[in-house]
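Each chain, written out:
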Amino acid sequence: MLFFTTGYLGDRTPKGDPKAARLRQMVMEQDWIVADIRDVPWSQAPCWRKAALEQILGGRYVHIPQLGNATKRTGQITIRDMEAGLDRVLAPVRTGSTSYAPLIRDMEAGLDRVLALPRPALLLCCCPNFFDCHREEVARALVKRPGVTNIVEITHWEPMYTAVPIFGGDREGSYA
Ligand SMILES: [Zn+2]
């Protein structure tokens, strides 16, 4: 089973509304379904809000809040789980690591939803870079699930989309 990931911000994808149209084009060509894993499916740019994506992608869009990064939200302060949060803050001190893992809301329930989708899922976030995004953590968990063989990041969206294998796959092959 093959999965895809991507992020819509940055210079490697078209700007503004044409970018959403390009996403739709890729989704139709590749027979993907977009699994939006943003914690809050909202953007300053109206084309990236949930309602707009539902409209442009029709049945090929689903928001999976379970795979959202609870640490991503801005604009308000809500302590979702103080003790778990403090554990995470202290973990690097305890382990000597300097990186802070994202806090995925409900990884297993979210992966169940992704695996139940009827066609190859494109896990969508806003972050341009896979390795700076919580989709890395989601992908690492997804590839451990039975039957998941390949995870491919779509780095550039145009003129041709560029697929970079993250887990599995032959590096020359077609993923269409
Ligand atoms: Zn992200």
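> Break down the overall build of the protein for me, with residues and values.
Helix and strand counts for the protein stand at five helices and six strands. When its helices and strands are written in sequence order, the protein yields β-α-β-α-β-α-α-β-α-β-β.

> Go over helix α4 (residues 107–115) with me, naming the residues and quoting the values.
Burial in α4 covers these residues: G110, L111 and V114. One side of α4 carries all its buried residues, which in axial view fall inside an arc of 100 degrees. Residues E108 and A109 are exposed on α4 and point more than 90 degrees away from its buried face. Its buried side turned inward, α4 meets β2 (33–36), β4 (121–125) and α5 (135–142).

> Before we move on, could you go through the sheet that holds β4 and cite the residues and values that matter?
The six strands are arranged β3-β2-β4-β1-β5-β6 in an open sheet whose pairing can be described as mixed. Because the sheet does not close on itself, it has two edges, and the strands there are β3 (61–63) and β6 (163–167). The mean inter-strand angle of the sheet, taken between neighbouring strand axes irrespective of direction, is 30 degrees. Looking at chain direction, β2 and β4 are connected through four bridges and run parallel. Looking at the pairing, D36 lines up with L124 of β4.

> Could you give me a rundown of the environment of R135, with the residues and numbers involved?
Following the sequence through the fold, R135 ends up in helix α5. Classification of R135 as buried rests on a count of 27 C-beta atoms within 10 Å. Separated by 66 residues in the primary sequence, R135 and N69 place their C-alpha atoms 8.9 Å from one another. Apart from the residues lying within four places of it in its own chain, the contact partners of R135 are T5, I37, L123, C125 and F130.

> Please give an account of unusual backbone geometry that cites residues and values.
Omega for the bond connecting E158 with P159 falls within 30 degrees of zero, at 0 degrees, which places this linkage in the cis form. By the element assignment, P159 lies in the loop between β5 (150–154) and β6. Even without being a glycine, D31 presents a positive backbone phi close to 60 degrees. Relative to the elements of secondary structure, D31 occurs in the loop between α1 (17–30) and β2.

> Describe the nonpolar core, naming the residues involved and giving the relevant values.
Judged by nonpolar contacts, the single largest core of 35 residues is most densely connected at V34, A35, I37, L122, L123 and L124. Contacts of L122, omitting those with residues within four sequence positions, involve F4, T6, V27, W32, V34 and A35.

> I'd like to hear about the pairing of β2, residue by residue, with values.
Bridge count between β2 and β3: three bridges; the pairing is parallel. The partner of V34 across the bridge, within β3, is Y61. Viewed along the sheet, the connection from β2 through helix α2 (residues 50–57) into β3 turns out right-handed.

> Tell me about the environment of F167, residues and numbers included.
Checked against the element boundaries, F167 lands in strand β6. A count of 16 C-beta atoms within 10 Å places F167 in the partly exposed class. Taking C-alpha positions, F167 is 7.4 Å from T149, a pair spaced 18 residues apart along the chain. If we ignore the near neighbours within four places in the chain, the residues touching F167 are A139, V143, N150 and I151.

> Kindly report on the confidence of the model for the protein, identifying the contributing residues and their values.
The predicted model of the protein averages 83 in pLDDT, with 75% of residues at 70 or higher. A low-confidence stretch, residues 171–176 stays under pLDDT 50, and its non-local contacts, those more than four residues away or across chains, total five contacts.

Rules used in this analysis
- Residues numbered from 1 in each chain as written.
- Predicted model: local features only at pLDDT ≥ 70, side-chain atom pairs only at ≥ 80, totals over all residues.
- Helix = DSSP H or I, 4+ residues; strand = E, 2+ residues; numbered from the N terminus.
- Buried ≥ 20, exposed ≤ 12 C-beta atoms within 10 Å, placed from the backbone.
- Arc of directions from axis to C-beta.
- Contact = placed C-beta atoms within 7 Å.
- Pairing = 2+ DSSP bridges.
- Axes fitted to C-alpha atoms, helices over the stretch in contact; angles between N-to-C directions.
- Core = buried A, V, L, I, M, F, W, Y, C linked by C-beta atoms within 7 Å.
- Right-handed = clockwise from strand over helix to strand, strands pointing away.
- pLDDT = per-residue confidence, 0-100.

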